[in-house]
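Below, each chain spelled out in residue letters.
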Amino acid sequence: MNLCMPVQNRIAIFHTPYLVHWLLVVINEGHGIPRKGACAVLAYLGKTVENRLLLVQVPGMLDALNKVLKPRPPRIERQELTSKVDQKSAAYGSEDEEDSHDGSAT
């Protein structure tokens, strides 16, 4: 991965025989750190415009990227979250109030 960081190396590394093919194999079949490393290498290689144009033409590239890229769940704003918690606590609070008034004198 360190070799793809310098801009002047990216085109030469991209044209290394079977490199992109094996990166796709790791992305499709690997998990954890190897998959993240393969994605990082492709990300660095894709920073160069010439490589970007060639990357989208690699068979299976878009399927592999689609496999690892997951949409993020919608972000819940803090205000919405606190209002939901307040609503739930208010509902539980009304039941507690009824239980606390059991008719005994204090």
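Residues numbered from 1 in each chain as written. Predicted model: local features only at pLDDT ≥ 70, side-chain atom pairs only at ≥ 80, totals over all residues. Heavy atoms only, no water.

A. Highlighting helix H1 (residues 7-14). By the burial criterion, the buried members of H1 are Arg 10, Ile 13 and Phe 14. Taken around the axis of H1, the buried residues stretch over an arc of 90 degrees, which confines them to a single face. For H1, exposure combined with an orientation more than 90 degrees from the buried face picks out Gln 8 and Ala 12. Residues of H1 that are buried in the fold lie against helix H2 (19-29), helix H3 (33-45) and helix H4 (49-55). (Buried < 20%, exposed > 50% of the residue type's maximum accessible area, 1.4 Å probe, protein only. Helix = DSSP H or I, 4+ residues; strand = E, 2+ residues; numbered from the N terminus. Arc of directions from axis to C-beta. Contact = heavy atoms within 4.5 Å.)

B. The arrangement of the packing of H2 against H3 in detail. Put simply, H2 and H3 touch, their axes get as near as 8 Å, and they point 140 degrees apart. As summarised for this structure, H2 and H3 are arranged oblique, according to the angle between their axes. As H2 packs across H3, the resulting crossing turns out to be left-handed. Residues Leu 19, Val 20, Leu 23, Leu 24, Val 26, Ile 27 and Asn 28 of H2 form the contact with H3, whose own contacting residues are Pro 34, Arg 35, Ala 38, Cys 39, Val 41, Leu 42 and Leu 45. (Axes fitted to C-alpha atoms, helices over the stretch in contact; angles between N-to-C directions. Parallel < 35°, antiparallel > 145°, perpendicular 65-115°, else oblique. Left-handed = near helix turned anticlockwise from the far one by under 90°.)

C. Expanded view of the side chain of Asn 51. Inspection of the secondary structure assignment puts Asn 51 in helix H4. Taking relative accessible area as the criterion, Asn 51 reaches 0% and is therefore assigned buried. Ignoring sequence-local partners within four residues, the contact set of Asn 51 consists of Arg 10, Ile 11, Phe 14 and Leu 45.

D. Region of the structure containing helix H5 (residues 61-68). Looking at H5, one finds that the buried residues are Met 61, Ala 64 and Val 68. Viewed along the axis of H5, the buried residues span an arc of 70 degrees, placing them on a single side of the element. In H5, those exposed residues whose orientation departs by more than 90 degrees from the buried face are Leu 62, Asp 63 and Asn 66. Of the surrounding elements, those touching the buried residues of H5 are H2, H3 and H4.

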